[in-house]
Every structure is written in C-alpha cells, then in structure tokens.
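One letter stands for each residue in the lines below.
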Amino acid sequence: GTLNQANRVYVLTQNVISAGNCFQITANNITLDCAGHEINYSYSNQVARGIDILGANFTTIKSCYIKEGSALAISRHAIYSEKGVNGTFVNNTIVTLGNFSRAILLQASAENLISNNTITTFGFAGEGITFTQASDNSIIAGNNITTNGVSANGIFINGARNVFRDNRIFIR
C-alpha cells in the first residue's frame, strides 16, 4: 500500500505478503512500526521492494521482519530510499535471497540513522547496506550483517562523512 499522509504513525497488526512491493512511502514524517510483524515482499519472480521511500524525509522504519519471498528475480531490495533525508532504520531483521539484492539501499539519501538491525543476505553480489550517489552524513551503528554468496558485501559505500561504529560483519 501507499503511505502518503504526512505526520502519521502506521503500526502493523498482522503480517503482510505481496508478489510485488509491499509499501511505498511518499510523504514526510511517516513512521512504519511493524511491531515485530513480517513484510514478505516479491513473493513471485517479479522485481519489487519491501519498503520503497521516494523523496520522503524524516521516515522511520522500525521493528520489522522484512523478507524477500523468492530468489527467482534479481535486484530486489528490502528497504530502498531515494532522495530522502533524516531517515531512521532501527531494530529491523532483514533477509534477502536473490542475486544483487540489497537489505538497505540508500540512493542520494543523506543524514540517516541505521542502527541495531540484523541483516542476512544470500545470492550473488548481495549487500547488507549500500550507499550510492552521495549518500552522506549518516550514522551506521550496532548492526549485525551476514552475507552469503560470491562477491557479496556487508557494507558498500559511495558517500562521504558517514560514521560507522560497532557493526559486526560476517562474510561467508
């Protein structure tokens, strides 16, 4: 569904499953609190995202279990933020399965907090946390990232002035 009303808190009361995208956030100051519930996205071989944040600022994603439903397609991301500022991604558990899939992908998104997440990736060139196109001035702290697959990366950075603290990365 589309979360497009600014200054709202959305709390999941049950698990969500979709063959495509589960949520698209297009307004500022939205909190998605999964309260421990599962977001199972891209259940078919369709290219999709769990949570798609498009130009929205002050977005918070917390307490979610986000799972890529199938490994059949490539480049499906659990959390994707494009041109968002001051995002907070905390206390989530994320599992990606497909090749080139990212758990958290920030594209031209700055001043974010990514903290206390547990991330596991499978598939060729999977990545736990990815910064592209000047994703700057973020804090990445206390995350546990495990990658499984050839050419996988725990954290891939194309940005500046980011702070990395107390992250544990396992490459298998």
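All values reported here derive from a predicted model rather than from experimental measurement.

So, on to the overall build of the protein chain. Each helix and strand counted, the protein chain has zero helices and 21 strands in total. Relative to the 2.2 N^0.38 estimate, which gives 16 Å for 172 residues, the radius of gyration of the protein chain is 14 Å and therefore close to what a compact globule would have. Taken across its 172 residues, the protein chain has 49% of its residues classed as buried. Counting contacts in the protein chain only where the partners sit at least 6 residues apart, residues at least 24 apart contribute 74% of the total. Total accessible area on the protein chain is roughly 7,400 Å²; 49% of this is exposed by carbon and sulfur atoms. Distance between charge centres in the protein chain, computed from 11 positive and 9 negative side chains, equals 3 Å.

Here we take up the packing of aromatic side chains. Under the definition given, this model contains two aromatic pairs. Ring geometry for Phe100 versus Phe124: centroids 5.4 Å apart, planes at 75°, classification edge-to-face. Of this pair, Phe100 sits in the loop between β12 (93-96) and β13 (102-107) while Phe124 sits in the loop between β15 (118-121) and β16 (127-132), placing them 24 residues apart in sequence. Owing to a relative accessible area of 33%, Phe100 belongs among the partly exposed residues under this scheme.

The next point concerns the environment of Ser81. Note that Ser81 resides in strand β10 (residues 77-82). Ser81 gets classed as buried once you look at its relative accessible area, which sits at 2%. Linking Ser81 and Gly149, residues 68 residues apart in sequence, is a C-alpha distance of 24 Å. Discounting residues that sit within four places of it in the chain, Ser81 has contacts with Ile53, Phe89, Leu105, Leu106, Gln107 and Ser109.

Attention shifts here to the nonpolar core. Counting residues in each nonpolar core, the largest one holds 32 residues, and the members touching the most others are Leu32, Ile39 and Ile51. For this core, the leading source of residues is β13, giving three residues. Sequence-distant contacts of Ile39, defined by excluding residues within four places in its chain, comprise Leu12, Val16, Cys22, Phe23, Leu32, Cys34, Gly50, Ile51, Cys64, Tyr65, Ile66 and Lys67.

Nonpolar side chains collect at one region of the surface, where Ile74, Phe100, Phe124 and Val150 lie side by side and expose about 350 Å² of accessible area between them. Structurally, Val150 can be placed in the loop between β18 (144-147) and β19 (153-157). Judged by relative accessible area, Val150 falls into the exposed class, the value being 56%.

In terms of burial, β16 is largely enclosed, as six of its six residues are buried. Bridge analysis of β13 against β16 gives five bridges, and the strand direction is parallel. What sits directly across from Leu105, in β16, is Thr130.

What counts and how
Residues numbered from 1 in each chain as written. Predicted model: local features only at pLDDT ≥ 70, side-chain atom pairs only at ≥ 80, totals over all residues. Heavy atoms only, no water. Helix = DSSP H or I, 4+ residues; strand = E, 2+ residues; numbered from the N terminus. Rg over C-alpha atoms; globule rule 2.2 N^0.38 Å. Buried < 20%, exposed > 50% of the residue type's maximum accessible area, 1.4 Å probe, protein only. Contact = heavy atoms within 4.5 Å. Areas by Shrake-Rupley, 256 points an atom, 1.4 Å probe, with all protein chains shown as cover. Lys, Arg positive; Asp, Glu negative; His and termini not counted. Charge placed at Lys NZ, Arg CZ, Asp CG, Glu CD. Phe/Tyr/Trp six-rings, centres within 6.5 Å; stacked < 30°, edge-to-face > 60°. Core = buried A, V, L, I, M, F, W, Y, C linked by side-chain atoms within 4.5 Å. Patch = residues over 30% accessible without salt bridge, like charges linked within 9 Å, V, L, I, M, F, W, Y side chains within 5 Å. Salt bridge = Lys/Arg side-chain N within 4 Å of Asp/Glu carboxyl O. Pairing = 2+ DSSP bridges.

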